[in-house]
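Here's the letter readout for the chains.
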Amino acid sequence: MHYFLNIGSNLGNRKLNISRALRMLEEKFRYFDASHIVESRPWGYVSDNSYLNIAVRIVSDLDPEDMLKELHEIEDKLNQHPHRDETGQYADREIDIDIMAVDYLKVNTPELTIPHKHLAERRFFLEPMAEIAPFWTHPITHLTCEQMLAALPQDPTPTAQKHDA
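Along every chain, residues carry numbers that run from 1 in the direction the sequence is written. Since the coordinates come from a predicted model, pLDDT governs what is reported: local features require at least 70, and pairs of side-chain atoms require 80 or more to be given and counted, while whole-chain, interface and lining totals use all residues. Only hydrogens and water are removed before side-chain values are computed, so all heavy atoms of the structure are retained for them.

Caption draft 1: Focus on the pattern of salt bridges. The term salt bridge refers to a pairing of a side-chain nitrogen on Lys or Arg with a carboxyl oxygen on Asp or Glu at a separation within 4 Å. On inspection of all chains with the given rule, the structure shows seven salt bridges. For the salt bridge of Lys28 with Glu70, the shortest nitrogen-to-oxygen distance reads 2.6 Å. Placement of the pair is Lys28 in helix H1 (residues 14–29) and Glu70 in helix H2 (residues 64–78), with a sequence separation of 42 residues. Think of it in three bands: with a 1.4 Å probe and only protein chains considered, a residue is buried below 20% of the maximum accessible area for its type, exposed above 50%, and partly exposed in between. Since its relative accessible area comes to 32%, Lys28 is described here as partly exposed. Glu70 gets classed as partly exposed once you look at its relative accessible area, which sits at 22%. Helical segments are the DSSP runs of H or I of at least four residues, strand segments are the runs of E of at least two, and each set is numbered from the N terminus.

Caption draft 2: Main features of the packing of aromatic side chains. Each pair of aromatic rings taken from Phe, Tyr and Trp, with Trp reduced to its six-membered ring, is defined by centres within 6.5 Å and is described as stacked if the planes are under 30 degrees apart, edge-to-face if over 60, and tilted in the remaining cases. Inspection of every chain in the model, using the stated rule, returns two aromatic pairs. Between the aromatic rings of Phe4 and Trp136, the centroid separation amounts to 6.4 Å while the plane-to-plane angle is 55 degrees, which identifies the pairing as tilted. Placement of Phe4 in strand E1 (residues 2–9) and of Trp136 in the loop between helix H3 (123–132) and helix H4 (145–151) is noted, with a sequence separation of 132 residues between them. The residues Phe4 and Trp136 share a single accessibility class, namely buried. An angle of 70 degrees between the planes, with centres 5.2 Å apart, marks the rings of Phe124 and Phe125 as edge-to-face.

Caption draft 3: Here's a closer look at H1. Multiplying 1.5 Å by the residue count of a helix minus one yields the expected span of that helix. Relative to the 22 Å expected for 16 residues at 1.5 Å per residue, H1 spans 22 Å between its end C-alpha atoms, a close match to the ideal helical length. Buried residues of H1: Asn17, Ile18, Ala21, Leu22, Met24, Leu25 and Phe29, and no others. Down the axis of H1, the sector holding all buried residues measures 160 degrees, keeping them to one side. In the core, the buried residues of H1 are packed alongside E1, strand E2 (32–34), strand E4 (51–59) and H2. One or two positions beyond H1, positive phi appears at Arg30, with a value near 75 degrees. Picture the helix axis, draw a direction to every C-beta atom, and the arc is the one those directions span. Two residues qualify as a contact provided that any one of their heavy atoms is within 4.5 Å of a heavy atom in the partner residue.

Caption draft 4: Up close: H3. Among the ten residues of H3, eight are classified as buried, and the element is accordingly described as predominantly covered. Considered for burial, the residues of H3 that qualify are Arg123, Phe124, Phe125, Leu126, Pro128, Met129, Ala130 and Ile132. Buried residues in H3 make contact with E1, E2, strand E3 (37–40), E4, strand E5 (96–102) and H4.

This is the structure:
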């Protein structure tokens, strides 16, 4: 199966954090494709720390629940801070790894929703994913990442800027 992931970091040396996560993915799965890095504002909470995000495609026979466990292990090794604050809201973090999609699979469990339930709303998901998966279509809406990007409202201040990896 092809797993499309998004790796984000907004604490510490963000590029180094992403590099460490990529190294750990390579150790576990051997091969991956990666997009350019994009910079974006935090989504779902307020912070002065902007994110660097990258899309990654890996191939694995793991089922999605087992993949989620593997990704959580990587996050746990790299994060010095919890993913959420004491109220349950998103918090700044060294590394965040989300499963955006798995081929054309649909999963809806209490622990996991595939495709990611906010995929079509997050420019920082769609821009890098469009780079590594230009022909992928959402299994429910049948839209490509480019089509979903075109449907997003224009933001007067750019939310994503490309960076060299």
